[in-house]
Amino acid sequence: MKILEISPELRPSLPGSCSQILEEIEASVTESERLSPENSSALDKLCFNIQKSLSRLKSVSPLSESEKLQIWKLSYRLWNSCVDLSNATGVRSSSKGANIDEQQAKLRQISADLLFLAGDVAGIPSPSLKSASFFYKTGLVWHDLKKFDLAASCFERATDLTAKVDVGEISDTGEQKLLLDLNLARSRTAWEVSERNLAFTLLNRSKILLFGSPESYRTLANQYLLFGKLMLTKNLESAIKDALKLMNEALDLCEKGLRIVRRSDESLPLKTLRSKSLRFIAAAHLQGREFESVLKCIKVLREGSGDQHPASLVLAMKAWLGLGRHREAEKELRGMVVNKEIPEGIWLSAIEAYFHSAGVAGAETVKGVFLGLLGRCHISAGVAVGVVHKLLGSSAAGGGGGGGGRDGSLVKAKVVAELVSDDRVMALFNSEEVAKERTTMHALLWNCGANHFRSKNFETSSEMFEKSMLYIPYNIEGRILRAKGFRVLCLCHLGLSLLDQAQEFIDEAENLEPNVTCAFLKFKVYLQKKDENGAIKQMQSMPTCHDFTPEFLTLSAHEAVACQALPVAVESLTNLLNFYSPGKPMPTPEVVVLRTLITILSREPTNENEILKFTKQAKKRMSELGSEVFFGKGEVARREKNWFAVNSWNIGTRTGREKKYELCIEFFELAAEFYGASIDGIVEESTMVCRSLILSVSATIAAEKSSNSQLPESDVKRAVQLLDRAGKILTEISSGLQKVDDGTAIEPGIFFIYTFNAYDLWGRLENGGTQQLQLVKSFASSKACTPEYLLQIGLNASQSTRTNPEVANFALNACLSSLLASPSPDYKSIALIIRKLIMLAGFYKGDTDDEVYSAYKQAYRIMVGLKEGEYPTEEGKWLATTAWNRAAMPVRLGQIAVARRWIKIGLELGRHVQGMEGYWKCLEEFVAGFDEKFNGHFEKDVGDDNISSTAELVL
């Protein structure tokens, strides 16, 4: 693509002729001369345009003399325009003003660049120095704007320009000053960017630019001193050494400058700077704890010019204090009292320093100095406030009692108390013109008392509060402050256990300003006096106060707990509950108050009835408001709900162990309600609900047995309903429809208790037998079932007042089957079950029933193959004996076949029972005789099947 084909916007700008560029620059300069300082956008545009023209001008070479002169003039015009803009800027916003200043600095930079571009022009003396002056002044502007890199660049360009000049040939004072100022400006900029070595090098290099001028010596010395002061502020040992080097350089320059002065007016600034340098050298030595050196500096100052500068006095006093020579320090301090020219802040600082160092020994001196000041001159109330503020130090500002530790703080307070109660000091605050100072004094003393109060230094705090009341005016506002003071004094005397005085102070406060705070403090006094009845009455009177809020009842409860006055705490929280209503904002949630009440009551083991009352109230409020309103939401609500549930469970468990069944019933039912409460739509404790319901019914049955009184039918039905609810949960858990809360299944014992109790209760209801059998069958098919549980159910069903043979037979048979299936059967239990089955069958069906015989036959089969004694001997003898004896009745009735099988089974059983060997032979002979006598003579009423089976058994 050819250049001509490029659009005008994209064509590169070609440099025009020099005259055209100069015309553009002149137009821009003219515009700058008419520019308003508020027009920052135009200023920005102007900078861009003129910079662009300057860039083009740099590509034009060489420049003619006339063109150089024109550039020179344009540079000066632009510079003067910048000066005018700067003077006219005035007050402006920080952000906008900073932008304008930066644009003006850019214009100055362009002006300096123009002058540099023009170079040497015929007829203009020292053009390099003039160009360097522009760069130097521009660098100062950049330095003020904290653009230190740009400032350094300007200073370096100016230095390059001055390097072309022979220093020895410069005679003009202004040009000499420029060279020194330029070097110092570079040094300051290097310091700002932490180039310390360069800064020091430039300072040292400046020594050849003094030109024998006392003013230049003073200027360079002042810069050395300034850097020394900056180093001193670092408060480091190495920094102190560097600071001393710099300050000594400043002092040396002052001494050299004084040697070349020709006029008296030239010596005064150098002498002043010399004294200032000596004082800062002394301060550096003091900071380095070189106290002897400090005193040497002060001696030089005083011998040379009789220096009585306030700082010199303070430095000397602190140096004497550092050496531990308090007498000399006291002389310096008293010398300051005589010197009327010492500012207030100086001798206040000196008093504080002396007091910190001298401690208790200097307390009287400090007081004497201050009172001496009162006698020497008119001291204003503001000065007295300043003295007290300095003496109290951080103790009045909230620093915990001030410097010097506890003892130092106490001494300070003692000195201040004596000072502020002096009639001469108090007289300073009598007029209305010093109301502000009086308020400040009161605040200082009050804050000091408050800090000592926080440190539990009640005696000192009480004294400071009393002194603060000396500075309270007798007006309406003062009446309120006075009442506040009496209330605080009451607290101080409570801390000192001076209860009668505390009572007097709070009575005074109540007379001045009756309010709920006074009522609460009187309540505290009653608590401290162990007057619980008085405390309760005082607490009950609080709601009648005009500024009462429920928080005071909460505070009362806390105070009562701290004083171990639990009845008072309970009464306070009980009254607090009366203020809760739907929608009313309260500082403490109702659930927290009830929990706290129950916790307090739980400290005494005899408060179960009260605990039950408030737990019921919590359950009632939960039902009325809803669990999410009462407990809240989220994790906090879950913790609150769980606390009530667990507490109810624990108390229910404890009262159950203590056989307080009526309480046990209530608490377990409450536990079920709390565990079953929903938080965020989730019920997390269904297993605990189930356990609580079951144990509540168990406690109901236990209470019935304990009182020997039968449950009313209504109570039985209610207990059945509770168990039905528990049964549904058990069914859901066992069927997997409900996830178990804690990862563990319902304990088998709980399942058994549920079944056992439900069996008992259904037996009391009409037509409950079927339900009983269904319950037991359901339990027998569950994983929780064990032979022991079945045995217990079977025994209960067979021998209680409300027997159920069907249930007993099922449970015992199921238990027997389970035991026999075990790898190591419990034959003691097996024997017991067989005996019960035999008795059940014999009682309900008669001795002739085949079911009874089958039980004996089953026992025989079990005994076959066992080791001796493995089957209980007594049970074996019982089986053999009873089987044999069962033949007696059939024999008398002529039922020979029936009699024969009982005789035979008895004989067979006896052969497997240890200890019956002696009977076998007699029994066998009897059987043989019996067979011989009755062989072939069978009763006709015995069926053929029985006869044949009997014959087989005989065989």
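Computed from a predicted model, the values in this text were never measured in an experiment.

A. Looking closely at the overall build of the protein. Secondary structure assignment for the protein yields 45 helices and 0 strands. For the protein, with 955 residues in total, the buried portion stands at 48%. If you take every contact in the protein between residues at least 6 apart in sequence, the share linking residues at least 24 apart comes to 67%. Total accessible area on the protein stands at roughly 47500 Å², and carbon and sulfur atoms take up 52% of it.

B. Quick peek at the environment of R186. Structurally, R186 can be placed in helix α7 (residues 173-192). Residues R186 and G139, 47 residues apart in the sequence, show an inter-C-alpha distance of 9.0 Å. If near-sequence neighbours (up to four positions away) are discounted, R186 is found in contact with F155, E156, T159, L202 and R205.

C. Region of interest: the pattern of salt bridges. Summed over the entire model, instances satisfying the criterion amount to 33 salt bridges. Note that R274 and E255 form a salt bridge whose closest N and O atoms lie 2.8 Å from each other. In this pair, R274 sits in helix α11 (residues 264-287) while E255 sits in helix α10 (residues 237-259), placing the two residues 19 residues apart along the sequence. Where K660 meets E658, a salt bridge forms, and the shortest distance between an N and an O atom there is 3.3 Å. Residue classification places K660 among the partly exposed residues on the basis of a relative accessible area of 32%.

D. Structural view of the state of the cysteines. A complete count under the given rule lists 0 disulfides for this structure. With no disulfide of its own, C82 lies 7.8 Å from the sulfur of C47, the closest cysteine sulfur. Since its relative accessible area comes to 0%, C82 is described here as buried. Note on C815: no disulfide assigned, nearest cysteine sulfur contributed by C785 at a separation of 8.2 Å.

E. Representation of helix α29 (residues 608-625). With 18 residues, α29 extends 25 Å from end C-alpha to end C-alpha; this agrees with the ideal 26 Å at 1.5 Å per step. In the segment just after α29, G626 is the residue with positive phi, at about 95°.

F. Structural context of the packing of aromatic side chains. The full count for this structure, using the stated rule, is 28 aromatic pairs. Look at W446 and F465: their rings are 4.8 Å apart centre to centre, the planes differ by 65°, and that puts the pair in the edge-to-face class. With W446 in helix α20 (residues 435-454) and F465 in helix α21 (residues 458-468), this pair connects stretches of sequence that are 19 residues apart. With respect to class, W446 is no different from F465; both count as buried. These aromatic residues form a ring-pair network of at least three members: F751, F752, Y754, F756, F779 and Y789. Above the face of the W902 ring, R886 is positioned so that its terminal group lies 5.6 Å from the ring centre. Sitting over the face of the ring of Y853, R901 holds its NZ or CZ atom 4.8 Å from the ring centroid.

G. Local environment of the packing of helix α9 (residues 214-232) against α10. For the pair α9 and α10, interaxial distance at closest approach is 8 Å and the crossing angle is 165°. Viewed along their axes, α9 and α10 adopt a mutual orientation that is roughly antiparallel. Note that α9 runs across α10; the crossing there is left-handed. Contacts from P214, Y217, L220, A221, Y224, L225, F227, G228, K229, M231 and L232 of α9 reach α10 at A239, I240, D242, A243, L246, M247, E249, A250, L253, C254, K256 and G257.

What counts, and where the lines are drawn
- Residues numbered from 1 in each chain as written.
- Predicted model: local features only at pLDDT ≥ 70, side-chain atom pairs only at ≥ 80, totals over all residues.
- Heavy atoms only, no water.
- Helix = DSSP H or I, 4+ residues; strand = E, 2+ residues; numbered from the N terminus.
- Buried < 20%, exposed > 50% of the residue type's maximum accessible area, 1.4 Å probe, protein only.
- Contact = heavy atoms within 4.5 Å.
- Areas by Shrake-Rupley, 256 points an atom, 1.4 Å probe, with all protein chains shown as cover.
- Salt bridge = Lys/Arg side-chain N within 4 Å of Asp/Glu carboxyl O.
- Disulfide = S-S within 2.5 Å.
- Expected span 1.5 Å × (residues − 1).
- Phe/Tyr/Trp six-rings, centres within 6.5 Å; stacked < 30°, edge-to-face > 60°.
- Lys NZ or Arg CZ within 6 Å of the ring centre and 35° of its normal.
- Axes fitted to C-alpha atoms, helices over the stretch in contact; angles between N-to-C directions.
- Parallel < 35°, antiparallel > 145°, perpendicular 65-115°, else oblique.
- Left-handed = near helix turned anticlockwise from the far one by under 90°.

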